[in-house]
Amino acid sequence: PRGSEGDCRGVAVAIRRIVLLGEEVLRVRGEEVTTFDSELNSLVQDMLETMYHAEGIGLAAPQIGVSLRVCVLDLGVKEGSEAGHWVLVNPMVAKTSKKTVKAPEGCLSIPEIEEVVTRFSKVTVSATDASGRPLEIEAEGLLARALQHEIDHLDGVLFIDQVSPLKRRLALRKWKKSQEESLDE
Ligand code: ZN
């Protein structure tokens, strides 16, 4: 067995490959989770491990090639809080503020690209945890933004879809270039 931290329940935890822009699974609507079993639990553990390894603050299942409505978040380091991580299964935005706020955003599936995206400043998200227990999060600030970003992933929506066509074109051009350069290396 591996000596990984997440290995406490005898489940092998793996860092999974992060799917990149251009791969189909990022563009389809994830399926609702209906079975809360050890398979779901091991998916969640892999997602957390993958997110921490990539130093992201959020990760949605489609980003590791699994078309299910599951996402994980942990702002811990960035916000200096010790809130720990969130595991959200079948999350949905139940309520939004009228107020919106603009801030730069990035995505593990589109590395090196950052764009200013307008999001609701506050959201209420309802979901369940990995055991199927209902939970509700009232969020503002970075957590509200991250939740909207991750829930978008579950609908096949990426943050670059939320910017103007011109900015999107420029971002995609930059993305293509960075991809070609990484192939050259
Ligand atoms: Zn993302």
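Residues numbered from 1 in each chain as written. Predicted model: local features only at pLDDT ≥ 70, side-chain atom pairs only at ≥ 80, totals over all residues. Heavy atoms only, no water.

Chemist: Got a minute to help me understand the environment of N41 in this structure?
Modeler: Turning to its location among the elements, N41 is positioned in helix α1 (residues 38-54). Counting along the chain gives 89 residues from N41 to A130, while the straight-line C-alpha distance between them is 6.3 Å. (Helix = DSSP H or I, 4+ residues; strand = E, 2+ residues; numbered from the N terminus.)

Chemist: Looking at this structure, I do not really get the coordination of the zinc ion. What am I missing?
Modeler: Around a metal, the perfect tetrahedron of four donors has angles of 109.5 degrees, and the perfect octahedron of six donors has angles of 90 or 180 degrees. Binding of the zinc ion to the protein goes through C107 (SG), H149 (NE2) and H153 (NE2), at separations of 2.0 to 2.3 Å. When the donors of the zinc ion are listed by position in the chain, the intervening gaps give C-x41-H-x3-H. Of this pair, C107 sits in the loop between β4 (100-105) and β5 (115-120) while H149 sits in helix α3 (residues 141-154), placing them 42 residues apart in sequence. Taken as a pair, C107 and H149 share a single burial class, namely buried. (Donors = N, O, S within 2.8 Å, 3.2 Å for Na, K, Ca; no water. Buried < 20%, exposed > 50% of the residue type's maximum accessible area, 1.4 Å probe, protein only.)

Chemist: What is the right way to read α3 from this model?
Modeler: Three or four residues apart is the spacing at which side chains of an α-helix point the same way, because the helix has 3.6 residues per turn. Taking 1.5 Å per residue, 14 residues should reach 20 Å; α3 reaches 21 Å between its end C-alpha atoms and fits that length. Counting buried residues in α3 gives 12 out of 14 residues, a clear majority hidden from the surface. L143, A144, R145, A146, L147, Q148, H149, E150, I151, D152, H153 and L154 are the residues of α3 that are buried. (Expected span 1.5 Å × (residues − 1).)

Chemist: I would appreciate a short explanation of the pairing of strand β3 (residues 86-96) in the present structure.
Modeler: Alignment of strand β2 (residues 70-73) against β3, held across four bridges, turns out to be antiparallel. Residue pairing in the sheet places V72 in a bridge with V87 of β3. Two strands pair when backbone bridges link them, and β3 and strand β6 (residues 122-128) are joined in this way by five bridges, in the antiparallel orientation. By the bridge assignment for β6, V89 is matched with T128. (Pairing = 2+ DSSP bridges.)

Chemist: Just to check I follow, could you spell out the sheet that holds β6 for this structure?
Modeler: The strands making up a sheet are joined through hydrogen bonds of the backbone, oriented either antiparallel or parallel. The antiparallel open sheet is built from five strands, whose spatial order is β1-β2-β3-β6-β7. Among the strands making up the open sheet, the edge pair consists of β1 (58-60) and β7 (134-140). Adjacent strand axes in the sheet meet at a mean angle of 40 degrees, parallel and antiparallel pairs treated alike. Bridging between β6 and β7 involves seven bridges; their strand directions are antiparallel. Looking across to β7, one finds that K122 is bridged to E140. On the sheet, α1 packs against β1, β2 and β3 and is oriented at approximately 40 degrees with respect to β2. Sitting on the sheet, α3 touches β1, β2, β3, β6 and β7, and the angle it makes with β7 is about 125 degrees. (Axes fitted to C-alpha atoms, helices over the stretch in contact; angles between N-to-C directions. Contact = heavy atoms within 4.5 Å.)

Chemist: So what exactly am I meant to see when it comes to the pattern of salt bridges here?
Modeler: A side chain of one charge can pair with a side chain of the opposite charge when the charged atoms of the two come close. Following the criterion strictly, the structure yields nine salt bridges and no others. R17 is paired through a salt bridge with E23; the nearest N and O atoms lie 2.9 Å apart. Of the residues examined, R17 reaches a relative accessible area of 55% and is grouped as exposed. The partner of E105 in a salt bridge is R119, with the nearest N and O atoms 2.7 Å apart. Of this pair, E105 sits in strand β4 while R119 sits in strand β5, and the two are 14 residues apart along the sequence. Grouping residues by exposure puts E105 and R119 together as buried. (Salt bridge = Lys/Arg side-chain N within 4 Å of Asp/Glu carboxyl O.)

Chemist: What should I look at first to understand the side chain of R69 in this one?
Modeler: Summarising the element assignment, R69 is placed in the loop between β1 and β2. Residue class for R69 comes out buried when judged on its relative accessible area of 6%. Reaching out from R69, the side chain makes a polar contact with the backbone oxygen of G30 at a distance of 3.3 Å. Here R69 is in contact with R29, G30, E31, E32, V33, L88, V89, N90, P91, L154 and D155, once residues within four sequence places are set aside. (Polar contact = N/O pair within 3.5 Å; in protein donor to acceptor, adjacent residues only side chain to side chain.)

Chemist: Help me out: how do you make sense of the environment of V101 in this one?
Modeler: Within the secondary structure layout, V101 lies in strand β4. Once the C-alpha coordinates of V101 and T118 are considered, the two residues, 17 residues apart in sequence, prove to be 5.4 Å apart. For V101, the residues in contact, after removing those within four places along its chain, are V117, T118, R119, F120, S121 and R145.

Remember, this is a structural readout, not a statement about activity or role.
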